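# Structural description and commentary
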Amino acid sequence: MSEQNFFSFPAPAKLNLFLHIVGRLDNGYHQLETVFQFLDRCDTLHIRATENSTITLLTPISGVDNNDNLIVKAAYLLQSHAQCSLGAEIKIEKILPMGGGLGGGSSNAATVLLALNALWNTLSLIHI
């Protein structure tokens, strides 16, 4: 498989300087107040858009089913919300420890949303 069409995106680690739970929403999620600092360490996502609608994580993470991976979940949610027929192949260079409190999973999910918005050109389709 050619590396030529992959674009690389950093997914930075973050350190919570404080985190307060200030409430709970009806859906079970918590309302938070936080201040965090980005760190110089990051996972790196390599992504290329595909013509089919499949989202493929080419570098699965041991112990995490691809369908439970936040990267894949975020990509499919964006695809559905934007009604986009394109797909993606995604590789991750994972250096942030899982469960280490550095926000690696959520940073990876946020990065894939930003990256696929650009690669799929869905920015104009998203209404907040």
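Here's a quick rundown of the structure.

The rules behind each value
Residues numbered from 1 in each chain as written. Predicted model: local features only at pLDDT ≥ 70, side-chain atom pairs only at ≥ 80, totals over all residues. Heavy atoms only, no water. Helix = DSSP H or I, 4+ residues; strand = E, 2+ residues; numbered from the N terminus. Buried < 20%, exposed > 50% of the residue type's maximum accessible area, 1.4 Å probe, protein only. Contact = heavy atoms within 4.5 Å. Areas by Shrake-Rupley, 256 points an atom, 1.4 Å probe, with all protein chains shown as cover. Lys, Arg positive; Asp, Glu negative; His and termini not counted. Charge placed at Lys NZ, Arg CZ, Asp CG, Glu CD. Pairing = 2+ DSSP bridges. Axes fitted to C-alpha atoms, helices over the stretch in contact; angles between N-to-C directions. Patch = residues over 30% accessible without salt bridge, like charges linked within 9 Å, V, L, I, M, F, W, Y side chains within 5 Å. Salt bridge = Lys/Arg side-chain N within 4 Å of Asp/Glu carboxyl O. Core = buried A, V, L, I, M, F, W, Y, C linked by side-chain atoms within 4.5 Å.

### Regarding the overall build of the chain
Of the regular secondary structure elements, the chain holds 2 helices and 4 strands. Helices and strands in the chain line up, N terminus first, as β-β-β-α-β-α. Each principal axis of the C-alpha atoms in the chain carries an extent, and together these give about 45 × 30 × 25 Å. For the chain, buried positions account for 34% of its 128 residues. Looking at the chain alone, contacts between residues at least 24 apart form 74% of all its contacts between residues at least 6 apart. Just so you have it, the chain exposes about 8,200 Å², and 55% of that area is on carbon and sulfur atoms. Charged side chains in the chain number 7 positive and 10 negative. The centres of these two groups are separated by 4 Å.

### Some points on the sheet that holds strand 2 (residues 30-50)
Pairing is mixed across the open sheet formed by 4 strands, whose spatial order is 1-2-4-3. Each edge of the sheet is formed by a strand with only one pairing partner; in this case those strands are strand 1 (7-24) and strand 3 (55-57). On average, each strand axis in the sheet is inclined to that of its neighbour by 35°, with strand direction left out of account. Sheet analysis places strand 3 next to strand 4 (residues 87-93), joined by 3 bridges and oriented parallel. Looking at strand 4, one finds that T56 is bridged to E89. Relative to the sheet, helix 1 (residues 70-81) contacts strand 2, strand 3 and strand 4, its axis offset from that of strand 3 by approximately 165°.

### Section: a nonpolar patch on the surface
Residues L15, L17, F18 and V35 make up a contiguous nonpolar surface patch of about 330 Å² in total accessible area. Sort the elements by how many residues they give to the nonpolar patch and strand 1 lands first, with 3 residues. Judged by its relative accessible area of 36%, V35 falls in the partly exposed class.

### Notes on the pattern of salt bridges
Applying the stated rule across the entire model yields 2 salt bridges. Between D43 and K94 there is a salt bridge, with its nearest N and O atoms 2.7 Å apart. Of this pair, D43 sits in strand 2 while K94 sits in the loop between strand 4 and helix 2 (104-119), and the two are 51 residues apart along the sequence. Among the ionic pairs, R48 bridges to E89, the shortest N-O distance being 2.7 Å.

### What to know about the nonpolar core
I47, I90, V112 and L116 are the most contacted members of the largest nonpolar core, which has 20 residues in total. It is helix 1 that provides the largest number of residues to this core, a total of 5 residues. Apart from residues no more than four positions distant in its own chain, I90 is found in contact with L45, H46, I47, I55, T56, L57, L58, T59, I71 and V112.

### As for the side chain of N108
Its location among the elements puts N108 in helix 2. Residue classification places N108 among the buried residues on the basis of a relative accessible area of 3%. If we skip the residues at most four places from it in the chain, N108 touches A11, D43, L45, I71, I92 and K94.

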